Amino acid sequence: AAAHRGRLVCLLADGVAHRYRKIALGLTTDTLPAMAFNTKDEHARYPFPEGKAITSAAVRAFCADFFANRLRPLLPDDASAAPAPPPLERVALDLPDGGTFTPARPQGLSHVVNLTAADVERVVHDATKDVLLLAYSSAQCGEACGDLEVYFSRAAARLADLGVRTVVAARYDLAVHAVPPSLPLPLDSLPLVAMLPAADKEPPFRLLEGELRPRRLMYFAQHHATHKFRLPENPHLDREQNRMWHEQVAQLPEDRRERALASLTPESFA
């Protein structure tokens with residue numbers, strides 16, 4: 001720090017407490033200690049090589065290379081695309097108070113937009129569209145992201161099936177693409193789901209907390225959307241699946257049947 005006084009500000013941060021915030025610096029794994037330059041270029045990131053010992057000599061050389069423009073920045077294009085999602089399995093749908101059944105046909109990610117930093121202004125900040133956004137880090141959240149992708153894609157596919165054309169479902173991999181200043185997401189926890197209505201794209205963003213199943217995702221989008229639309233009961237199910245749901249609920253004991261039918265009331269969101 002003393003050698004570059006006036007040119008460089010050195011900060012020490014807790015890599016565990018700020019696990020997700022450090023992604024914006026290109027530090028996408030949980031390896032610690034870790035180090036990176038934070039620059040004014042929203043796309044270029046300069047992480048210290050992972051696996052290389054952070055010694056006084058290595059830090060001096062890293063700084064010298066940066067100021068001499070010898071470091072090659074990590075750009076979004078360095079990763080040609082977000083990792084391909086795993087093949088989607090059929091998702092067992094829970095029946096209230098007992099029992100499950102599996103949808104007849106799995107849904108893919110064809111209704112979900114894979115965002116890059118360059119797309120944010122065009123897609124997320126489109127004032128004519130409501131945007132349901134999934135932000136995650138493919139380098140850190142593992143199986144949790146895989147499960148959520150299935151639910152998110154199912155919700156997006158069902159909205160499309162129901163003719164809702166005003167909601168764009170999009171996902172953004174923070175391990176591949178930097179956080180643009182125009183999208184100051186709260187990075188205290190990932191993955192996260194946010195709704196950016198057409199009429200209000202400014203923070204604080206509307207975040208969905210708790211269970212992230214297709215039904216909740218769809219009602220969350222409906223509640224916050226600028227362009228209003230109506231959802232049927234059990235919107236995450238198609239007509240045949242909803243018929244099966246009612247048949248199975250009808251076979252439940254009376255008290256459980258009443259609770260199951262009461263669950264059809266849409267959830268309200270703050």
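Notes on the structure follow.

Criteria and thresholds
Residues numbered from 1 in each chain as written. Predicted model: local features only at pLDDT ≥ 70, side-chain atom pairs only at ≥ 80, totals over all residues. Heavy atoms only, no water. Helix = DSSP H or I, 4+ residues; strand = E, 2+ residues; numbered from the N terminus. Buried < 20%, exposed > 50% of the residue type's maximum accessible area, 1.4 Å probe, protein only. Areas by Shrake-Rupley, 256 points an atom, 1.4 Å probe, with all protein chains shown as cover. Contact = heavy atoms within 4.5 Å. Core = buried A, V, L, I, M, F, W, Y, C linked by side-chain atoms within 4.5 Å. Axes fitted to C-alpha atoms, helices over the stretch in contact; angles between N-to-C directions. Parallel < 35°, antiparallel > 145°, perpendicular 65-115°, else oblique. Nonpolar A, V, L, I, M, F, W, Y, C, P; charged D, E, K, R; others polar. Pairing = 2+ DSSP bridges. 1 Å grid on protein atoms, 1.4 Å probe; cavity = no way out; pocket = protein on both sides within 12 Å on 5 of 7 lines; lining within 4 Å. Points joined across faces, edges and corners; volume = space filled by probe spheres on them. Salt bridge = Lys/Arg side-chain N within 4 Å of Asp/Glu carboxyl O.

1. Some remarks on the overall build of the chain
Within the chain, the secondary structure is distributed over six helices and nine strands. In the chain, which comprises 270 residues, the proportion classed as buried is 42%. Within the structure as shown, the chain displays about 14,600 Å² of accessible surface, and the carbon and sulfur contribution to it stands at 53%.

2. Quick notes on the environment of Val131
Structurally, Val131 can be placed in strand β6 (residues 130-136). As for Val131 and Ala225, which are separated by 94 residues in sequence, their C-alpha atoms are 8.3 Å apart. Excluding residues that lie within four positions of it along the chain, Val131 makes contacts with Val123, Val124, Val168, Ala194, Met195, Leu196 and Lys201.

3. Notes on the nonpolar core
Core analysis: the largest hydrophobic core is formed by 27 residues, its most contacted members being Leu132 and Val193. If you list the elements that add at least two residues to this core, you get β6, α3 (142-161), β7 (167-173), β8 (192-196) and α4 (214-224). At seven residues, α3 tops the list of elements feeding residues into this core. If you look at the next biggest cluster of nonpolar residues, it comprises 21 residues, including Val123, Ala135, Leu187 and Leu196.

4. With respect to the packing of helix α5 (residues 239-250) against helix α6 (residues 254-262)
Where α5 meets α6, the axes come as close as 9 Å, and the angle between the chain directions of the two elements is 150°. On the basis of the axis angle, α5 is roughly antiparallel to α6. Across the interface between the two elements, Trp245, His246, Val249 and Ala250 from α5 touch Arg257, Ala260 and Leu261 from α6. Tallied by class, residues from the contact of α5 with α6 come to five nonpolar, one polar and one charged.

5. Some details on the pairing of β6
By the criterion of burial, β6 is predominantly enclosed, with seven of the seven residues buried. Where burial is concerned, the two faces of β6 agree: the one with Asp130, Leu132, Leu134 and Tyr136 and the one with Val131, Leu133 and Ala135 are both buried. Of the strand pairs in this sheet, β6 and β7 are connected by seven bridges, and their pairing is parallel. Residue pairing in the sheet places Leu134 in a bridge with Arg171 of β7.

6. Some thoughts on the layout of surface pockets
Considering only enclosed or pocket space, the largest pocket measures out at about 1,000 Å³ in volume. In this structure, the largest pocket is lined by 32 residues; those nearest its centre are Leu11, Leu12, Ala34, Met35 and Ala36. Broken down by secondary-structure element, the contributors of at least two residues to the lining of the largest pocket are β1 (36-37) and α1 (56-67).

7. So, the sheet that holds β8
Taken together, the five strands give an open sheet; going across it, the order is β5-β7-β6-β8-β9, and neighbouring strands pair in mixed fashion. The strands lining the two open edges of the sheet, one partner per strand, are β5 (112-114) and β9 (206-207). Sheet strands touched by α4: β6, β8 and β9. Its angle to β8, the strand with the most contacts, is close to 30°.

8. Looking at the pattern of salt bridges
With the rule as written, the count across this model stands at ten salt bridges. Notably, a salt bridge pairs Arg206 with Asp200, separated by 2.9 Å at the nearest N-O pair. According to the relative accessible area criterion, Arg206 is partly exposed, its value standing at 24%. Residue classification places Asp200 among the partly exposed residues on the basis of a relative accessible area of 29%. Of the charged contacts, one joins Asp255 and Arg259 as a salt bridge, the two residues approaching to 3.9 Å between their closest N and O atoms. Remark: Arg259 and Asp255 occur in helix α6; sequence separation between them is four residues, near one turn of the helix. Assessed through its relative accessible area of 43%, Arg259 is described here as partly exposed.

Remember that the coordinates give geometry; whether it matters functionally is a separate question.
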